[in-house]
Amino acid sequence: LGRDVTSRLIYGARISLLVGLTAVAIGGTLGTALGVTAGYFGGRVDTIIMRLADIQLAFPFILLAIMFLVVLGSGVVNLILILGVGQWVTYARISRAQTLSQREKEYVESARALGARGTSIMFRSILPNILAPLIVIASFNVASVILAEASLSFLGLGVPPTTPTWGGMLAESRDQLLAGRWWLAVYPGVAIALTVLAFNVLGDWLRDLLD
């Protein structure tokens, strides 16, 4: 078709990394805020937030993403929002568990004694002390979101076909493999594999550094 594979790989990297990093930022921010709130206040607030998390976990995420993309339509913005909202449960559970262990410590009691509000204690005192595991999870999560984006683009439900992405390039290469044009599938596949490996190695390094 006269398309330069290298140029499309480079352009596709921008889309894949944009989707991965932005979706993780959205999911991490939403999930951390909800998890800290649930862990700090407990009671009915904790029950409602955790039951919402259980409901979402009851459904396979890829099926939910496909359903919403079919209803809302494909596009970078819709894809980022759906993938971002789909990641909040992990961050909510981790931040809730960490907050439960932190809220009874002396520095929290001191902040209460000084008259600090609940929101101030949550996000100025507790949050900085629970960020380490969340950062590690986020680095691993970027890789999984990139794979999810590639899978949805491969199915034709992610980024529109006119925009080059690694998953879209894999989908377009299916009809070319029998003609011997193996490079159309190999290079985007290698790009996805190396990117996922890089973020996994980064996650391992951060975990060892922060332990």
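Structure first, text after, so check above.
Cut-off values and rules
Residues numbered from 1 in each chain as written. Predicted model: local features only at pLDDT ≥ 70, side-chain atom pairs only at ≥ 80, totals over all residues. Heavy atoms only, no water. Helix = DSSP H or I, 4+ residues; strand = E, 2+ residues; numbered from the N terminus. Buried < 20%, exposed > 50% of the residue type's maximum accessible area, 1.4 Å probe, protein only. Contact = heavy atoms within 4.5 Å. Areas by Shrake-Rupley, 256 points an atom, 1.4 Å probe, with all protein chains shown as cover. Lys, Arg positive; Asp, Glu negative; His and termini not counted. Charge placed at Lys NZ, Arg CZ, Asp CG, Glu CD. Core = buried A, V, L, I, M, F, W, Y, C linked by side-chain atoms within 4.5 Å. Axes fitted to C-alpha atoms, helices over the stretch in contact; angles between N-to-C directions. Parallel < 35°, antiparallel > 145°, perpendicular 65-115°, else oblique. Left-handed = near helix turned anticlockwise from the far one by under 90°.

## Remarks on the overall build of the protein chain
(1) Moving on: Within the protein chain one finds eleven helices and zero strands.
(2) Moving on: The linear arrangement of helices and strands in the protein chain, starting from the amino end, is α-α-α-α-α-α-α-α-α-α-α.
(3) Moving on: Across its three principal directions, the C-alpha atoms of the protein chain cover 75 × 40 × 25 Å.
(4) Moving on: Counting every position in the protein chain, which comprises 211 residues, the buried fraction comes to 40%.
(5) Moving on: Intrachain contacts of the protein chain at a sequence separation of at least 6 include 77% that bridge at least 24 residues.
(6) Moving on: For the protein chain, the accessible area works out to roughly 11,400 Å², and carbon and sulfur atoms hold 66% of it.
(7) Moving on: Once the 15 positive and 12 negative side-chain charges of the protein chain are each reduced to a mean point, those two points are 7 Å apart.

## Points about the nonpolar core
(1) Moving on: Judged by nonpolar contacts, the single largest core of 39 residues is most densely connected at Val19, Leu79, Leu83 and Trp166.
(2) Moving on: Other than its neighbours up to four places away in sequence, Val19 contacts Val76, Leu79, Ile80, Leu83, Val145 and Glu149.
(3) Moving on: Membership of the second largest hydrophobic core comes to seven residues, among which are Ala38, Ile49, Met50 and Ala53.

## Section: the packing of helix α1 (residues 5-41) against helix α8 (residues 131-154)
(1) Moving on: Interaxial distance between α1 and α8 falls to 8 Å at its minimum, and their mutual angle equals 135 degrees. On the basis of their axis angle, the class for α1 and α8 is oblique. Judged by the sense of rotation from one axis to the other, the crossing of α1 with α8 is right-handed. Mapping the contact onto sequence places Ser16, Leu17, Val19, Gly20, Leu21, Ala23, Val24 and Thr32 in α1 and Leu134, Ala138, Asn141, Val142, Val145, Ile146 and Glu149 in α8.

Shape descriptors only; they carry no functional weight alone.
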